[in-house]
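Inside the fold
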Amino acid sequence: MNDPQTLLRNDAANLHRFLQPIAKMCAVDPRDHPYYSDASYKFFAYINGLIGNTLTYLEGLSQRSSKHPEIQHSLRLKLKTLRHSWGLLHQYIKPSLDADTLHIPFPLLNVLNDKLQQVPRCENFECAVFHLTDLNYAMLIDNEVNCVANGIASKIDGEYFPPNLSLVGIPYSQSSGLFLNCLIPHEMAHFVYQEVMVNKVTQAVDNILNIHYPYRQGASDEFLVALSQIKGLLNRWVEEIFCDLFAISLIGPAFTFAFAEMTSASLIIDEPRVKVRRFFEFGQSHPADVARYYLHKRHLQALGWWDHVKDWKTNSVVLLEHCSQVRGQTTPSNTISSNVGNLLNLQCFWDACDWLLDFVKEQIPTLEKDIEDLGGYYGEISKYLARAIVPSTIIMESGPVYPTPIVLINSAFRFVLEDFDKLLEKIGKESLNSVKDRSWYTERLELWVLKALEDYRLLSASQEAK
Amino acid sequence: MEPNTKYLTLALDVRTITDSLIEFVEDAKELPQSNDLLRSFLSSLTERTGVSVKTLSDMGRFGNYESLRTINELFDSADKKKELMTRLRAVSDPSDQTRQASALKAIEILDALEGTALYYYEHPGSESRLAFAL
């Protein structure tokens, strides 16, 4: 039988072997193809450095001998924990390597990074992208990756995760799209939440919980466990709402419309609740969709968008109105255990959201000029789009105008929701009823607007230079 | 964060405490004077007369559901929690003659906690066999 030192050395060698190929993959040279965003290079360099530190730590273990069997055993367990931790980071490395600049919506990301850096205390934040096989959007969740990376770093004398870096996952197939990628700001917001807002928001949530669940003398450990679940649920739901509201503050109603498309939520409008129960239920990780749309509408109203949006002839606006009427019918899902569900008071959530609406409005710069310009320029932009012209520069009575990215993105949504037939009519009457044509020209429209976003950066930069 | 990842984070947090105990035994390095993680962990082991939201906040990183139920499963009686607390406090007390032995015993107990957390991380859903009826 091997002695404890041999066992430790073998375990260390196995983990060493596991990490070496990952180090080679992450050794990305910025001078080589493919190209990545600066944030992605930063991520690869960090992972590479952390692997290097881990390898050095493992190599040093062969010289480490303890006379205490408890410690020899404990060090082996530590290697197991490190292996699992690296296993988690491993999941994100290949998807990040796949997301080179040819496979991400680069012009839109530039716009979103610019907007993000205008938020107070987010001036140095950077957001890169990795690819997901799920048809969903997700953040490289701060608590998950940063905590685990920092957990590894603290055990092997490595560096902590870059403080201003976040990675967002997009479906690998959607790299050239505009509309669905308007969900990205929600994922960016998770990072802002964790880095900048979490203390204030969780304190506010604690205060609300204290009112609904005051000190209970003689309560058992079981009650404490249930209370921890309620607190966890509420914090997760509130974080999701924060991210929704942040995304609306950043890019306007485009986020809500993208979310409505992603969730097929317009089903709620005509179907009885029993058939669309899922939209009314608060789950383990997310609040009820009905609650989300209700709060979207309130935030759009508070920011001044609603007056422009409310008359748009689209199901998404009807959806927002409808959810405001039925939000009282929301309930906890049966995926939440009955002992927690019975104790859970949803009023805590609504109280927290009342606070959150004011908080987000105070924290994030508003888009008053963009809101006004959307009203003023949409008529002209829609004429350009109906003629398949990229609306980088539009000619108004006052002269040439470069619509801002927020005006362009929201105009594109309005056009596709309200006026798309004007484009199809010009293509040919038969296109009006063709799913294939509608899909194809939607893709074209997205490319025109992405081109306009790219042009805006150049045009505004050249205007500033003058 | 996916719930089962919280078990991995718990394992890493417990490991941080264990590493400081190993450094104490092997290198005679004292535990840090101001150690939020250890303080939060001790708070999660403390016997209580009542429960509030503040009780959870005081437990810091150990105040989440996954940590609480893992700790409660392993330390299924108040005496077991008390034993670990006594050992950890002894290590922090320079006048205690049993510091080294206490540290080694605490390392063993913490390894059991880290191992349980890793088990739950590796086997999502397995923790549901624990029932906490109100």
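Up top you'll find the structure we're talking about.
Quick summary incoming for the structure in this document. Starting afresh in each chain, residues are numbered from 1 along the sequence in its written order. Each chain takes a letter, starting from A, and each ligand takes a number, starting from 1, following the order in which they are written. Per-residue local features of the predicted model are confined to residues with pLDDT of at least 70, and side-chain atom pairs are confined, for both listing and counting, to 80 or more; whole-chain, interface and lining totals are unaffected and use all residues. Note that water and hydrogens are dropped before the side-chain values are worked out from all heavy atoms of the structure.

1. Examining the overall build of chain A
- Strands are runs of DSSP state E lasting at least 2 residues, helices are runs of H or I lasting at least 4, and numbering of each runs from the N terminus. Helix and strand counts for chain A stand at 17 helices and eight strands.
- If one aligns the C-alpha atoms of chain A with their principal axes, the spans along those axes are about 85 × 65 × 45 Å.
- Relative accessible area decides the class of each residue, using a 1.4 Å probe on protein chains only: under 20% of the type maximum gives buried, over 50% gives exposed, and in between gives partly exposed. Across the 466 residues in chain A, those meeting the buried criterion constitute 56%.

2. Observations regarding unusual backbone geometry
Residues and elements named next belong to chain A.
- Positive phi is not limited to glycine here, since D157 has a value of about 65°.
- Positionally, D157 belongs in the loop between helix 5 (142-156) and strand 3 (165-171).
- Positive phi, normally seen in glycine, also occurs at S264, with a value near 50°.
- In this fold, S264 is placed in the loop between helix 8 (254-263) and helix 9 (267-270).

3. Some remarks on the pattern of salt bridges
- One side-chain nitrogen of Lys or Arg within 4 Å of one carboxyl oxygen of Asp or Glu is enough to make a salt bridge. One pass over the full model with this rule turns up 33 salt bridges over all chains.
- Residue K94(A) is joined to D98(A) by a salt bridge in which the shortest nitrogen-to-oxygen separation is 2.9 Å. Taken together, the residues K94(A) and D98(A), both in helix 3 (residues 69-98) and four residues apart, mark about one turn of the helix.
- Among the residues examined, K94(A) registers a relative accessible area of 45% and is labelled partly exposed.
- Taking the shortest distance from any N to any O, the salt bridge between K275(A) and E271(A) comes out at 3.8 Å.
- Judged by relative accessible area, E271(A) falls into the partly exposed class, the value being 32%.
- Counted as one network, the salt bridges with shared partners bring together K78(A), R15(B), D19(B), D111(B) and E114(B).

4. A few points about the interface of chain B and chain A
- In this complex, chain B contributes 45 residues to the contact, which on the side of chain A involves 49 residues.
- Buried area, as used here, totals the accessible surface that two parts lose on assembly, with accessibility defined by a 1.4 Å probe and the loss added over both. Taken together, both faces of the contact between chain B and chain A bury some 4,000 Å²; the carbon and sulfur share is 63%.
- For the interface between chain B and chain A, the tally reads four salt bridges.
- Of the charged contacts in the structure, one is a salt bridge between K80(A) and E122(B), with a shortest N-O distance of 3.5 Å.
- Under the rule applied, a polar contact is a pair of N or O atoms within 3.5 Å (in protein, one hydrogen donor and one hydrogen acceptor; residues adjacent in sequence only if both atoms are side-chain atoms). Inspection of the region where chain B meets chain A yields 16 residue pairs in polar contact (both at pLDDT 80 or more).
- Where the side of chain B that touches chain A is concerned, the elements lending two or more residues are helix 1 (3-27), strand 1 (50-51), helix 3 (53-58), helix 4 (65-74) and helix 6 (99-122) of chain B.
- It is helix 1 of chain B that contributes the most residues to the side of chain B that touches chain A, 13 residues altogether.
- Any residue that is not Ala, Val, Leu, Ile, Met, Phe, Trp, Tyr, Cys, Pro, Asp, Glu, Lys or Arg is counted as polar, Gly included; the first ten are nonpolar and the last four charged. Its residues assigned to classes, the side of chain B that touches chain A comprises 19 nonpolar, 14 polar and twelve charged.
- By this definition, two strands are paired if DSSP reports at least two bridges between them. The pairing of strand 4 (residues 216-217) of chain A with strand 1 of chain B spans two bridges and is antiparallel. Each bridged residue has a counterpart across the sheet, and for Q217(A) the counterpart in strand 1 of chain B is G50(B). Only heavy atoms enter the contact rule, under which two residues are in contact if any of them lie within 4.5 Å.

5. Things to note about the nonpolar core
- Put simply, a nonpolar core is a bunch of buried Ala, Val, Leu, Ile, Met, Phe, Trp, Tyr and Cys residues held in one set by side-chain atoms that sit within 4.5 Å of each other. Among the nonpolar cores identified, the biggest contains 130 residues, and F242(A) and F349(A) are the most heavily contacted of them.
- Take this core: its biggest share by element is 19 residues, from helix 7 (residues 221-251) of chain A.
- Excluding residues within four positions of it along the chain, F242(A) makes contact with A189(A), V192(A), Y193(A), M197(A), L356(A), F359(A) and V360(A).
- Grouped together as the second largest cluster of nonpolar side chains are 78 residues, L15(A), L132(A), L165(A) and I109(B) included.

6. Structural notes on the pairing of strand 3 of chain A
- With seven of seven residues buried, strand 3 of chain A lies mostly within the body of the structure.
- Neither face of strand 3 of chain A is open: one carries L165(A), L167(A), G169(A) and P171(A), the other S166(A), V168(A) and I170(A), and all of them are buried.

7. Observations regarding the side chain of D455(A)
- Here D455(A) lies in helix 17 (residues 435-465).
- The contact partners of D455(A), leaving out residues within four places of it in the chain, are V390(A) and S392(A).

8. Digging into the environment of L450(A)
Residue and element names in this part refer to chain A.
- Among the structural elements, L450 can be located in helix 17.
- Under the relative-accessibility criterion, L450 is labelled buried at 7%.
- It is 8.8 Å that separates the C-alpha atoms of L450 and F106, two residues lying 344 residues apart in sequence.
- Setting aside chain neighbours within four positions, we find L450 in contact with P107, L108, S176, G177 and L178.

9. Quick word on helix 4 of chain B
Residue and element names in this part refer to chain B.
- With eight of ten residues buried, helix 4 is to be regarded as a mostly interior element.
- Along helix 4, the positions that sit buried rather than exposed are Y65, E66, S67, L68, R69, T70, I71 and N72.
- Capping the start of helix 4 is the job of one residue whose side-chain oxygen sits 3.2 Å from the backbone nitrogen of E66: N64.

10. A short note on the pairing of strand 1 (residues 126-132) of chain A
Residue and element names in this part refer to chain A.
- Within strand 1, seven of the seven residues are buried, leaving the element largely enclosed by the surrounding structure.
- In terms of strand pairing, strand 1 meets strand 3 through seven bridges, oriented parallel. Bridge assignment links A128 to a residue of strand 3, and that residue is L167.

11. Focus on the packing of helix 7 of chain A against helix 8 of chain A
Residues and elements named next belong to chain A.
- It is at 7 Å that the axes of helix 7 and helix 8 come closest, and there the two elements cross at 125°. Overall, the two elements helix 7 and helix 8 adopt an arrangement that is oblique. Between helix 7, through D244, A247, I248 and I251, and helix 8, the contact on the second element is made entirely by A254, F255 and T256. Axes, fitted as lines to C-alpha atoms, cover a helix only where it is in contact. Angles between the N-to-C directions of the axes lie from 0 to 180 degrees. Convention used here: angles under 35 degrees read as roughly parallel, angles over 145 as roughly antiparallel, angles from 65 to 115 as roughly perpendicular, and any remaining angle as oblique.

Keep in mind that these numbers describe shape and distance, not what the molecule does.
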